[in-house]
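Below, each chain spelled out in residue letters.
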Amino acid sequence: MDEKRKTFYRTEFFHNFVRNPGAVIGLAIVLFFLITVIIGPMITPQNPYDIASLDLMDAYKPPVWMDGGDRSFVLGTDDQGRDILSAIVYGSRISLFIGIAVVVLSCAIGTFLGLVAGYFGGRLDGFLMRVVDIQLSFPAMLVALFIMAAFGRGLGKLIIALTLVGWVLYARTVRGSVLVERNREYVDAARLIGLSPFPIILRHVLPNILTPLIVIATIHVGTVILTEATLSYLGVGVPVTQPSLGLLVKNGYDVLFSGLWWSSVFPGMFIMLLVFGINLLGDFLRDELNPRLK
Amino acid sequence: MLTYLLKRVFQMFVVLFMVSVIVFCVMSFTGDPVLMIVPPTATDAQIAEARVALGLDRPLWDQYAVFLRNLLHGNLGVSYMFKRPALTLIVERMPATLELVFLSIVISLAIALPCGVFAGARPNNALSRAIMGGSLLGISLPSFWVGILLIFYFAVEKGFLPSSGRGTTGTLFGIPFAFLTWDGFKHIILPAFTLALGTLAMLIRLIRAQIMEVMRQDFIRFARAKGVTWRSLLFSHALKNALVPVVTVFGLQVGSLIAFATVTETIFAWPGMGKLLVDSINTSDRPVIVAYLMIVAAMFVAINFIVDIVYTMIDPRVDLR
């Protein structure tokens with residue numbers, strides 16, 4: 001174990017990572033969010049969705065550095081006396097959960113279909129790639145909007161809708177890589193010793209095509225969080241009882257014209273920060289793991 | 001070329017047919033439109049009567065056949081809310097959306113072309129790094145939030161740009177457009193910029209990557225050796241060759257601008273077809289949703305077709321199979 005860790009510190013990957021400020025900042029932002037999301041509910045001043053802890057006397061409080069700010073509500077409160085910072089911590093939790101759940105599901109489904117299509121080829125391959133082509137010619141946001149419009153808002157439905165639009169990217173990339181790997185000697189060798197297709201695909205081909213998947217999955221988390229926020233903003237995403245960051249912005253917008261800017265500006269700022277961190281990390285991984293750029 | 005064109009046109013119709021089947025099925029399995037039409041006090045007998053009158057008691061494939069026949073006659077149903085043909089509602093609002101999308105394209109190209117070419121030609125320059133950082137931030141921004149910030153700053157705080165609506169419109173060929181009057185122009189600036197931001201940031205990154213790729217190639221070195229000026233080298237030699245993939249992505253971006261116009265129009269209360277879609281979703285106005293999807297799908301298919309044709313024209317290496 002110790003031996004292994006030492007060698008990781010010496011790899012070129014690690015060397016390039018610590019010398020790339022963007023990548024370090026990106027990782028720091030992502031870690032910050034992960035820690036916030038895990039321990040956040042234990043340290044927030046209030047549970048913003050426990051009606052009993054809300055007090056209308058606290059409503060319309062500006063952030064702490066403005067006149068009339070209150071030390072217990074650092075980023076101010078909304079029109080119902082809800083602490084914005086606590087709402088952001090709980091909202092980040094929902095946004096990040098949806099982002100990770102959708103990426104895991106789309107990656108699993110898309111990779112599996114891409115592996116099968118690429119390895120076996122034939123009619124199934126033709127059909128799957130047609131579906132992928134057609135779906136990619138329509139903007140993901142619009143397809144997801146249509147699905148949500150038909151099925152109504154809900155956390156589970158949102159995850160299903162975003163997975164339905166998300167799997168195609170993985171399927172296409174994986175299929176392309178498998179077409180190359182399929183004709184390599186190690187696959188022939190595995191076939192010769194009598195392994196059946198599925199062990200070959202999962203144990204031999206899959207580990208060799210993981211690199212592009214890591215890059216796509218990283219950037220995809222950011223895209224999903226943005227799409228989810230947009231759908232929730234339009235009122236077809238998460239339910240009112242489980243507000244993600246996007247829904248918080250929408251709720252804040254409804255009171256923007258009465259001067260309550262902080263309740264929509266801060267949640268949006270956190271969406272931007274989270275997605276920016278993920279994209280910084282994704283950019284680094286793409287440049288680092290792409291052999292063509294070296 | 002002709003066979004290729006015919007093949008593509010045929011494919012377009014296949015795709016549109018599939019879209020119509022999917023849209024029809026999904027919409028049929030969710031919610032009961034009869035309950036949207038009858039008054040809340042209707043008795044069970046009246047509901048059943050309305051169901052028969054609307055043809056909703058017939059088998060699904062029969063309903064689809066009726067739907068398809070009406071679709072081919074340009075009849076997409078009557079809106080529950082407005083009591084007017086859904087198609088008319090959408091066509092009326094189309095110019096507003098298209099002018100918004102068009103202005104966004106102009107804004108994003110005007111900024112992305114020079115920025116992208118510069119960042120690609122001088123990748124290690126401090127300004128290039130700033131451009132790239134900015135574009136990464138640009139693709140990380142939720143567009144609705146940017147719209148809110150712009151409204152808060154320019155409309156609420158400074159009060160010199162309006163926050164909603166389309167203002168006075170002028171007419172061109174009998175179609176009302178906002179950008180023809182000063183008032184309308186003031187109304188369109190903020191939504192168009194909000195809509196342009198994502199595309200703008202993405203195009204900068206794409207153009208930069210393409211320019212960097214092209215600058216490494218031999219013909220650039222030859223052109224340099226020949227004594228071509230730096231400006232001409234960048235804009236006529238490098239950019240021309242870098243644009244091929246940009247055109248494809250750009251075509252997809254036009255589609256995505258139309259999709260994202262739903263968000264921008266909702267924020268700025270811009271009376272386009274995107275806002276109509278979101279309003280119709282919130283009021284479960286099914287005929288309008290279906291009509292919107294069919295029209296937009298037709299637009300996307302047409303855009304993809306045009307992109308493919310343009311692609312073959314600007315790059316003679318593309319094989320038509």
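Residues numbered from 1 in each chain as written. Chains lettered and ligands numbered in written order. Predicted model: local features only at pLDDT ≥ 70, side-chain atom pairs only at ≥ 80, totals over all residues.

Let's shift gears to the overall build of chain B. Along chain B, the regular secondary structure elements total 12 helices and two strands. Along chain B, helices (α) and strands (β) appear in the sequence α-α-α-α-α-α-α-β-β-α-α-α-α-α when read from the amino end. In terms of overall dimensions, chain B has C-alpha extents of about 85 × 60 × 35 Å along its principal axes. Counting every position in chain B, which comprises 321 residues, the buried fraction comes to 37%. (Helix = DSSP H or I, 4+ residues; strand = E, 2+ residues; numbered from the N terminus. Buried ≥ 20, exposed ≤ 12 C-beta atoms within 10 Å, placed from the backbone.)

Summing up its helical and strand segments, chain A has 12 helices and zero strands in all. When the helices and strands of chain A are listed from N to C terminus, the series reads α-α-α-α-α-α-α-α-α-α-α-α. If you take every contact in chain A between residues at least 6 apart in sequence, the share linking residues at least 24 apart comes to 70%. (Contact = placed C-beta atoms within 7 Å.)

Across the boundary between the two partners, chain A contributes 35 residues, which contact 30 residues of chain B. Of all the secondary-structure elements, those providing two or more residues to the side of chain A that touches chain B are helix H6 (140-151), helix H10 (210-233), helix H11 (245-253) and helix H12 (262-289) of chain A. Residues that form the side of chain A that touches chain B fall into these classes: 26 nonpolar, eight polar and one charged. (Nonpolar A, V, L, I, M, F, W, Y, C, P; charged D, E, K, R; others polar.)

Residues and elements named next belong to chain A. Following both chains from N to C, one finds helix H4 (residues 84-120) and helix H5 (residues 122-136) inclined at 135 degrees, their axes separated by 7 Å at the closest point. Judged by the inter-axis angle, H4 sits oblique to H5. Crossing hand, H4 versus H5: left-handed. Facing Leu-113, Val-116, Ala-117 and Phe-120 of H4, the residues of H5 in contact are Gly-122, Leu-124, Asp-125, Leu-128 and Met-129. (Axes fitted to C-alpha atoms, helices over the stretch in contact; angles between N-to-C directions. Parallel < 35°, antiparallel > 145°, perpendicular 65-115°, else oblique. Left-handed = near helix turned anticlockwise from the far one by under 90°.)

So, about the domain arrangement of chain B. All names here are of chain B. Split by domain assignment, chain B resolves into domain 1 (2-72) and domain 2 (90-314). Its C-alpha centre places domain 1 at a distance of 34 Å from the equivalent point of domain 2. Contact residues are listed per partner, giving 12 residues for domain 1 and 10 residues for domain 2. Breaking the side of domain 1 that touches domain 2 down by element, the ones donating at least two residues are helix H1 (2-28) and helix H2 (33-37). (Domains from an automatic or database assignment.)

Right, let's talk about helix H5 (residues 86-121) of chain B for a bit. An ideal rise of 1.5 Å per residue puts 52 Å on 36 residues; H5(B) measures up with 50 Å between its terminal C-alpha atoms. Residue Met94(B) marks the point of greatest curvature in H5(B), where the axis turns by about 35 degrees; the proline Pro95(B) follows within four residues. (Expected span 1.5 Å × (residues − 1). Bend = angle between axes of the 7 residues up to and from the residue.)

A few words now on the environment of Ile94(A). Along the chain, the position of Ile94(A) falls in helix H4. Taking the C-alpha atoms as reference points, Ile94(A) and Leu124(A), separated by 30 residues in sequence, lie 36 Å from one another.

What follows covers the environment of Val221(A). Mapped onto the elements of the fold, Val221(A) is located in helix H10. Taking the C-alpha atoms as reference points, Val221(A) and Ala149(A), 72 residues apart in sequence, are found 23 Å from one another.

Looking now at unusual backbone geometry. Of note, the phi angle at Ala269(B) is positive, near 50 degrees, even though the residue is not glycine. The residue Ala269(B) is located in the loop between helix H10 (230-268) and helix H11 (273-282) in this model.

Helices that pack against each other are described as a pair by the angle of their axes relative to one another and the distance between those axes. In the contact formed by H12(A) and helix H6 (residues 126-140) of chain B, the axes pass within 8 Å of each other and the chain directions differ by 125 degrees. Taken together, the axes of H12(A) and H6(B) lie oblique to each other. The hand of the H12(A)/H6(B) crossing is right-handed. Of the residues in H6(B), those in contact with Met272(A), Val275(A), Phe276(A), Asn279(A), Leu280(A) and Asp283(A) of H12(A) are Leu136(B), Leu137(B), Ile139(B) and Ser140(B). Residue composition of the contact of H12(A) with H6(B), by class: seven nonpolar, two polar and one charged.

What follows is about the environment of Phe270(A). All names here are of chain A. Turning to its location among the elements, Phe-270 is positioned in helix H12. Looking at Phe-270, the number of C-beta atoms within 10 Å reads 21, which means it is buried. Along the backbone, Phe-270 and Ile-43 are 227 residues apart, and their C-alpha atoms lie at a distance of 18 Å. In contact with Phe-270, not counting residues within four places along its chain, are Ile-88, Ser-92 and Leu-245.

A word on the confidence of the model for chain B. A residue-level look at chain B finds 90% of positions with pLDDT of 70 or above and a mean pLDDT of 80. This prediction of the complex comes with two scores: 0.86 for pTM and 0.83 for ipTM. (pLDDT = per-residue confidence, 0-100.)

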